Amino acid sequence: MLIGEDFDKIEFTLWGLDFLEPNAFIGDFLILVVALVLALKTKKFDTTLPFFKYWTAFYLVFGIGMFFGGLGHLMFNYWGLAGKYPPWYTGIFAVFLLEKAMISIHPTAKMKDLLNKLSLAKLLIALIAASLVFIFADLNRDQVIGLRVPAINSAVGLIFCLGILGYKYTKVYGPYFKYMVYSVFIMFPSALFLAFKINLYQWFDKNDFAHLLLIVGIILYYQSIKGYAKSLEEK
């Protein structure tokens, strides 16, 4: 175990190409597979409702973004920092879709309108801030700087929409929204592992641990989505 520093990146050669971090690619690919399965499952619900349409879109965008993130790790020797930008931007947009999904069923029309405007403003601010960081920060010295805006954007969106709104919806719609709240707490340890560089093993480092919790998190999202869909069918 290493704390406060990272293991050397795993390198391997295949087909005459020099690849990096196969563990990160495997983790991101697994997230893609799980996200696509959940997108297909969510699409089977009432797709005329924005709630289910936005969740389906979230799973698709999130999964594809994570897959390209894995490619960015794998192909870093060839793509460099350019391979990092697409998944960072995609992550910001995926959180926006999640926010739109949760806001779409807010019981108060006036508050729903306000939250939609705030979500859009947050998206634009995050995209602009991320672009400024990518342009002016020295990411060759420290790539973690590039993650700060997407990470803050995600934290704000997830805590409010899954934590606060999720808790509110357990009172308004039913207890199945508790899984949204649980997901926030499930994700919290990954932030600690990333912040303090807690690496359990070279083939299962801080990023791999975060990937595992992400898989658990998006499955918990689906439990709430399924519960809400069943409640609508029973009405």
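Please read these numbers as outputs of a predicted model, since none were measured by experiment. (Residues numbered from 1 in each chain as written. Predicted model: local features only at pLDDT ≥ 70, side-chain atom pairs only at ≥ 80, totals over all residues. Heavy atoms only, no water.)

### Quick look at the environment of leucine 115
Cut-off, in case you're wondering: Helix and strand assignments come from DSSP, with helices taken as H or I runs of at least 4 residues and strands as E runs of at least 2, each series counted from the N terminus. Here a residue-residue contact requires only that any non-hydrogen atoms of the pair lie within 4.5 Å.
Within the element layout of this structure, leucine 115 appears in helix H5 (residues 109–136). Taking the C-alpha atoms as reference points, leucine 115 and serine 104, 11 residues apart in sequence, are found 9.5 Å from one another. Excluding anything up to four places from it in sequence, leucine 115 contacts Ile103, His106 and Phe160.

### Here's the deal with the nonpolar core
As a reminder of what qualifies: For the purposes of this section, nonpolar cores are sets of buried Ala, Val, Leu, Ile, Met, Phe, Trp, Tyr and Cys residues that join through side-chain atoms within 4.5 Å. Any residue under 20% of the maximum accessible area for its type is buried, any over 50% is exposed, and the rest in between are partly exposed; the area is computed with a 1.4 Å probe on protein chains only.
The biggest cluster of nonpolar side chains holds 36 residues, and the ones touching the most others in it are Trp55, Phe58, Tyr59, Met102 and Tyr221. Among the elements of the structure, helix H1 (22–43), helix H2 (50–74), helix H4 (85–103), helix H6 (144–172), helix H7 (178–195) and helix H8 (206–233) are those that each provide at least two residues to this core. Contact partners of methionine 102, with chain neighbours within four places excluded, come to Phe51, Trp55, Cys161, Leu162, Leu165, Gly166, Tyr169, Phe177 and Met180. Among the nonpolar cores identified, the runner-up in size contains 12 residues, and Phe96, Ala130, Val133 and Phe134 belong to it.

### Observations regarding the environment of glycine 63
Mapped onto the secondary structure, glycine 63 falls in helix H2. Sequence spacing of glycine 63 and phenylalanine 29 is 34 residues, and the spatial spacing of their C-alpha atoms is 8.3 Å. Leave out the neighbours within four places in its chain, and glycine 63 touches Leu32 and Ala35.

### Examining the pairing of strand S2 (residues 11–14)
Selection criterion: Pairing between strands is defined by DSSP: at least two bridges between the two strands are required.
Bridge analysis of S2 against strand S3 (residues 17–20) gives four bridges, and the strand direction is antiparallel. Bridge pairing in S3 places leucine 14 opposite leucine 17. In textbook terms, the turn of a hairpin is the stretch between consecutive antiparallel strands, and for S2 and S3 this stretch comprises two residues, one of which, tryptophan 15, has a positive phi near 55 degrees.

### Examining the packing of H4 against H6
The criterion, for reference: Every axis corresponds to a line fitted to the C-alpha atoms, with the helix fit spanning only the stretch in contact, and the corresponding angles, defined between N-to-C directions, vary from 0 to 180 degrees. For classification purposes, an angle smaller than 35 degrees is called roughly parallel, one larger than 145 roughly antiparallel, one from 65 to 115 roughly perpendicular, and anything else oblique. Helix crossings get a hand from a simple test, with the near helix turned counterclockwise from the far one by less than a right angle marking a left-handed crossing and a clockwise turn marking a right-handed one. Residue type decides the class: Asp, Glu, Lys and Arg count as charged, Ala, Val, Leu, Ile, Met, Phe, Trp, Tyr, Cys and Pro as nonpolar, and the leftover types, Gly among them, as polar.
Direction vectors running N to C along H4 and H6 enclose 15 degrees, while the axes themselves pass 10 Å from each other. In terms of orientation, H4 lies roughly parallel with respect to H6. Crossing handedness for the pair H4 and H6: left-handed. Facing Trp88, Ile92, Val95, Leu98, Glu99, Met102 and Ile103 of H4, the residues of H6 in contact are Gly146, Leu147, Pro150, Asn153, Ser154, Gly157, Leu158, Cys161, Leu162, Leu165, Gly166 and Tyr169. Grouping the amino acids of the contact of H4 with H6 by side-chain chemistry returns 13 nonpolar, five polar and one charged.

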